[in-house]
Amino acid sequence: MIDFYDAIAENKKAQLYYNQGNLREAIALCYKIIKIYPDFVDVYKTLGNVLQVHGNRNAAIRAYVKATEIQLSDGLSYSQLSQSLVSKYGSQILQLVSDNPGQMSFAEYIYITNVVGQKVPGNFLIFGVGKDTQLWLQVNDGGKTIFLEDNQEWLIEIKSSYKNFFEAYLVEYNTRVSQWKDLLREYSEGNDCLSMVLPEKILLTNWDFILVDAPAGYSEEKPGRMKSIYTAAKLARQTGTHIFIHDCDRSVENIYSNYFFGKNNLINQVNKLQHYYLK
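Everything quoted here is computed from the prediction, not taken from an experiment.

About the criteria used
- Along each chain, residue indices are assigned from 1 in the same order as the chain's sequence is written.
- Per-residue local features are limited, in this predicted model, to residues with pLDDT of at least 70; the limit for side-chain atom pairs, both in listing and counting, is 80 or more; totals at the level of whole chains, interfaces and linings are taken over all residues.
- Side-chain metrics rest on all non-hydrogen atoms present in the structure, leaving aside hydrogens and water.
- Buried Ala, Val, Leu, Ile, Met, Phe, Trp, Tyr and Cys residues that are joined via side-chain atoms within 4.5 Å together make up what is termed a nonpolar core.
- Whether a residue is buried, partly exposed or exposed follows from its accessible area with a 1.4 Å probe, protein chains only, as a fraction of its type maximum: under 20%, in between, or over 50%, in that order.
- To qualify as a helix, a DSSP run of H or I must reach at least 4 residues; to qualify as a strand, a run of E must reach at least 2; elements of each kind are numbered from the N terminus.
- The criterion used for residue contact is that any of the two residues' heavy atoms lie within 4.5 Å.
- In short, DSSP must find at least two bridges between two strands for them to pair.

Student: What am I meant to see in the nonpolar core here?
Tutor: Looking at soluble globular proteins, one finds that nonpolar side chains tend to be buried together. Counting 59 residues, the largest nonpolar core has I112, W136 and F244 as the members making the most contacts within it. In terms of residue count, the dominant contributor to this core is helix α4 (residues 57-73) (nine residues). When neighbours within four sequence positions are excluded, I112 is seen to be in contact with M104, G117, F124, W136, L211, F244 and L273. Residues L194, W207, I210 and L278 belong to the second largest nonpolar core, which totals 36 residues.

Student: For this particular structure, what's the right way to read unusual backbone geometry?
Tutor: Keep in mind that most residues, glycine aside, have a negative phi and that most peptide bonds are trans. A cis amide bond links V120 with the next residue in sequence, P121, at an omega value of -5°. Structurally, P121 can be placed in the loop between α6 (106-117) and β1 (123-127). In this model, A214 is joined to P215 through a cis peptide bond whose omega is 0°. Mapped onto the elements, P215 comes out in the loop between β4 (209-212) and α11 (226-235). You will see that N174, though not glycine, has its phi angle at about 55°, which is positive. Summarising the element assignment, N174 is placed in the loop between β3 (167-170) and α9 (180-188). Using a relative accessible area of 65% as the deciding quantity, one classes N174 as exposed.

Student: Even after reading the chapter, I still don't get the pairing of β4, so can you show me in this structure?
Tutor: Because side chains alternate across β4, one face comprises the buried residues F209 and L211, and the other comprises I210 and V212, equally buried. One ladder, built from four bridges, connects β1 with β4; its direction is parallel. Within β4, the position partnered with F124 by the bridge is F209. Relative to strand β5 (residues 241-245), β4 runs parallel, the two sharing four bridges.

Functional significance is not addressed by these values, which are geometric in nature.
Spelled out as structure tokens, the structure:
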């Protein structure tokens, strides 16, 4: 019987088979590992990748869902995934992940879909428009879904590619990632340096869900999410708001989220996604 460190090595071998195009060998090795270590999350991710390329989308979705369930059971709070939501949106999410490498993972998408989809219709505010715009509109079917975007050209492109109308507003941030420490210090000293100019409709709505996935924050000269995270906290209603912050592997997202939402309000973390609930 192989030990856990051997299982890690075997999973790397399965990934090598996958990269080499030896899909049958990769699949067989993944199932061998699963038989011995059924809660080894990484092997399900590998299996999902291989099965997707192999053309077995349904089996790939099951593998990704299993990986997500294991992550949730190991987190702060276990949330049973709705099988009806997985069946309804699984293929769409799988395609999104395939078309947009480096963006949200399957586990992150399905987690948000699970939380929002079981509580619709609601009011859903999203910082950033993207190729997943249609998904969020469908998940919150019958509710109010509004987007905030700072890149006018990108907003026009997404609107032109989407057949139906969706509500989105252009906003400005006027910040850079390199300023995050100074801005947090100024705010802590009582200076109003993180406020945004927003349409009155945004300010007057009681938001059930807020997703912060913009603006760009991957380099020092980008706007960063200091203002969008602060604004999400400011807009959260007293009766309860679910807030999702993406890219929390980065300093700004992680530190600002903990500062404005509090670690005691952290419900779960799936990959780079943190889920807070303010009440």
